[in-house]
Amino acid sequence: MKIKEQALSEAYAQRLLRQSLVILLSTVILIILGMTAIALGTADVSIRQVGETIIKFLIQSPIIDAEESRIHKIILLLRMPRVLLGMLAGIGLSISGTVMQSITRNPLVSPFTIGLSSAAAFGASIAIVLGIGFRPHTPIGIVINAFLLSLACAFLVYGIANRIGMSPEALILTGVALSYFFSALTATLQFIADENQLSTVIQWTFGSLNGATWQQVAVVFTIIIMILPILMKNAWVLNAMSSSGDELIKGLGIHPGKTRRFLGLITVLVTASIISFTGVIGFIGLVSPHIARLVIGSDHRFLIPVSGIFGGILLLLSDTVGRTILSPVTVPVGIVISYIGVPLFINLILARRKEYF
């Protein structure tokens, strides 16, 4: 018996080591990709210059000449906010997707399944087309409208689902119905919009990191840092909810309805804050958790961080391709992510079809 326990202990230790190495390696890849993305663009900047500029900024070193000042502005004011927002958006959407798939026990669920993206698009359209809301026709007004409508949609979904038992099926079906409803409202506004308004609405729905600022980075970073410890603390609860029915979960002392409501609203806050800045960037929250499960397994203590890192890598890679493939024209990241993500997801389904069908 002792020999068997020792073997199990060694196997568990090896598994923990492997999972820790995956987290470390994927983090290093994300950092390297981020440095490379900052260097790439129409202005010629090397990775060495990127590193030197960041170090000088951190230690408050003085700028020597005009050329160094130009590079400093390109890196710190234009490219770094975009790259960091892309990383954080990928992390936040992927973590949200992981949690949503776990609490609904459905591998095809993403943060947008409950209608957040459609509601955000409608909120932005109201500000753009009708000029309704706080400071309409301005970037901040569009952001606020998109955020508020996303939250309103989430509370409506959870309110309706709560009336019928807060089951996974209730959440998904209510979310899908409201998603179609808000899409119809957005289409109606597009129908009555003039050419300039229609162009702005369509560009917003494509999803883009253009115009990223340090303020946006700070907001998204703060929200992720606040909710990540909460999700990690509930990792064991997510393990139970993703693999067991509600009756069994109740036997473990977990209230499925309250837990589903609490963790779901956390993911709503993260997703709404991100898409209000970036527009609709789909597919990240769907595909990244599956890739992470394939690599790291289903233990949420490791799945949550790895899924987030993979999401950051995938979104940053997509944005870098969009910026450079047709330079100086920038292809919106929401379009590129579909071209990259769909083949990955189909290949994943084919490789693991026995789990899904």
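Residues numbered from 1 in each chain as written. Predicted model: local features only at pLDDT ≥ 70, side-chain atom pairs only at ≥ 80, totals over all residues. Heavy atoms only, no water.

Colleague: Which parts of the structure should I look at to understand the overall build of the chain?
Modeller: Scanning the chain for helices and strands turns up 15 helices and 0 strands. For 357 residues, the compact-globule estimate of 2.2 N^0.38 gives 21 Å, and the C-alpha radius of gyration of the chain, at 22 Å, lies within 12% of that figure. Of all 357 residues assigned to the chain, the portion counted as buried reaches 51%. Contacts in the chain between residues far apart in sequence, at least 24 positions, make up 75% of those at least 6 positions apart. Taken together, the 24 basic and 15 acidic charged side chains of the chain have centroids lying 8 Å from each other. (Helix = DSSP H or I, 4+ residues; strand = E, 2+ residues; numbered from the N terminus. Rg over C-alpha atoms; globule rule 2.2 N^0.38 Å. Buried < 20%, exposed > 50% of the residue type's maximum accessible area, 1.4 Å probe, protein only. Contact = heavy atoms within 4.5 Å. Lys, Arg positive; Asp, Glu negative; His and termini not counted. Charge placed at Lys NZ, Arg CZ, Asp CG, Glu CD.)

Colleague: How should unusual backbone geometry be read in this particular structure?
Modeller: Only a minority of non-glycine residues have a phi that is not negative, and only a minority of peptide bonds are not trans. With a phi angle near 50°, Arg105 is a residue other than glycine that sits in the positive phi range. Inspection of the secondary structure puts Arg105 in the loop between helix 3 (66-104) and helix 4 (116-130). When its relative accessible area of 31% is taken as the criterion, Arg105 is described as partly exposed.

Colleague: Where do I start with the packing of aromatic side chains in this structure?
Modeller: Both the distance between ring centres and the angle between the ring planes are used here to describe each pair of aromatic rings. Tallied over the full model, the rule gives 2 aromatic pairs. When the centroid spacing of 5.9 Å and the interplanar angle of 40° are considered together, the rings of Phe122 and Phe182 count as tilted. Here Phe182 lies in helix 6 (residues 168-192) and Phe122 lies in helix 4, a separation of 60 residues in the sequence. Both residues of the pair, Phe122 and Phe182, count as buried. When the ring of Phe181 is compared with that of Phe182, the centres are 5.6 Å apart and the planes differ by 65°; the resulting orientation is edge-to-face. Among the aromatic residues, ring-to-ring pairing joins Phe122, Phe181 and Phe182 into one connected group. (Phe/Tyr/Trp six-rings, centres within 6.5 Å; stacked < 30°, edge-to-face > 60°.)

Colleague: Please clarify how the confidence of the model for the chain should be interpreted in this entry.
Modeller: Predicted coordinates in areas of low pLDDT are best not read in detail. Per-residue pLDDT for the chain averages 85, and the proportion of residues at 70 or more is 93%. The spread of mean pLDDT over the elements of the chain runs between helix 15 (residues 353-356), the lowest at 56, and helix 8 (residues 214-233), the highest at 93. (pLDDT = per-residue confidence, 0-100.)

Colleague: Which parts of the structure should I look at to understand the environment of Ala120?
Modeller: When you line up the elements, Ala120 lands in helix 4. Each C-alpha atom, one on Ala120 and one on Cys153, is 8.8 Å from the other, the two residues being 33 residues apart in sequence. Contacts of Ala120, omitting those with residues within four sequence positions, involve Ala146, Ser150, Trp204 and Ile275.

Colleague: Can you walk me through the pattern of salt bridges in this structure?
Modeller: Where charged atoms of side chains with opposite charge meet at close range, the side chains can pair. In this structure the tally under the stated criterion is 4 salt bridges. Taking the shortest distance from any N to any O, the salt bridge between Glu52 and Arg48 comes out at 3.1 Å. Pair noted here: Glu52 and Arg48 are both in helix 2 (residues 47-58), with a separation of 4 residues, about one helical turn. On the basis of relative accessibility, which here comes to 37%, the residue Glu52 falls in the partly exposed class. (Salt bridge = Lys/Arg side-chain N within 4 Å of Asp/Glu carboxyl O.)

Colleague: I'm lost on helix 12 (residues 284-296) in this one. Help?
Modeller: Spacing of three or four residues puts side chains on the same side of an α-helix, whose turn is 3.6 residues. In this model helix 12 runs 18 Å from its N-terminal to its C-terminal C-alpha over 13 residues, within 8% of the 18 Å that 1.5 Å per residue would give. Within helix 12, 10 of the 13 residues are buried, which leaves it mostly tucked inside the rest of the structure. Among all positions in helix 12, only Ile284, Gly285, Leu286, Val287, Ser288, Pro289, His290, Ala292, Arg293 and Ile296 are buried. (Expected span 1.5 Å × (residues − 1).)

Colleague: Can you help me understand helix 11 (residues 256-278) in this one?
Modeller: The terminal C-alpha atoms of helix 11 lie 32 Å apart, and with 23 residues this matches the ideal 33 Å at 1.5 Å per residue to within 8%. The buried fraction of helix 11 is high, at 18 of 23 residues. Gly279 occupies a position one or two residues after helix 11 and carries a positive phi of about 80°.

Colleague: Explain the packing of helix 4 against helix 5 (residues 139-163) to me, please; I cannot follow it from the model alone.
Modeller: Helix-helix packing is characterised by the crossing angle of the two axes and by the distance between the axes. It is the contact of helix 4 with helix 5, at a shortest axis distance of 7 Å, that shows an interaxial angle of 140°. What the angle tells us is that helix 4 and helix 5 run oblique. Remark: the crossing between helix 4 and helix 5 carries right-handed chirality. Facing helix 4, whose interface residues are Leu116, Ala119, Ala120, Phe122, Gly123, Ala124, Ile126, Ala127 and Ile128, helix 5 presents Gly141, Ile142, Asn145, Ala146, Leu149, Ser150, Cys153 and Ala154. For the contact of helix 4 with helix 5, the class distribution of residues is 13 nonpolar, 4 polar and no charged. (Axes fitted to C-alpha atoms, helices over the stretch in contact; angles between N-to-C directions. Parallel < 35°, antiparallel > 145°, perpendicular 65-115°, else oblique. Left-handed = near helix turned anticlockwise from the far one by under 90°. Nonpolar A, V, L, I, M, F, W, Y, C, P; charged D, E, K, R; others polar.)

Colleague: Explanation requested: the nonpolar core in the structure shown.
Modeller: Burial of nonpolar side chains together is a common tendency in soluble globular proteins. Among the nonpolar cores identified, the biggest contains 76 residues, and Ile103, Trp204 and Leu231 are the most heavily contacted of them. Look past the residues within four positions of Leu231 in its chain and what remains in contact with it is Ile95, Val99, Leu238, Leu263, Ile266 and Ile304. In terms of nonpolar packing, the next biggest core, distinct from the first, is built from 24 residues, Val22, Val50, Ala292 and Phe310 among them. (Core = buried A, V, L, I, M, F, W, Y, C linked by side-chain atoms within 4.5 Å.)

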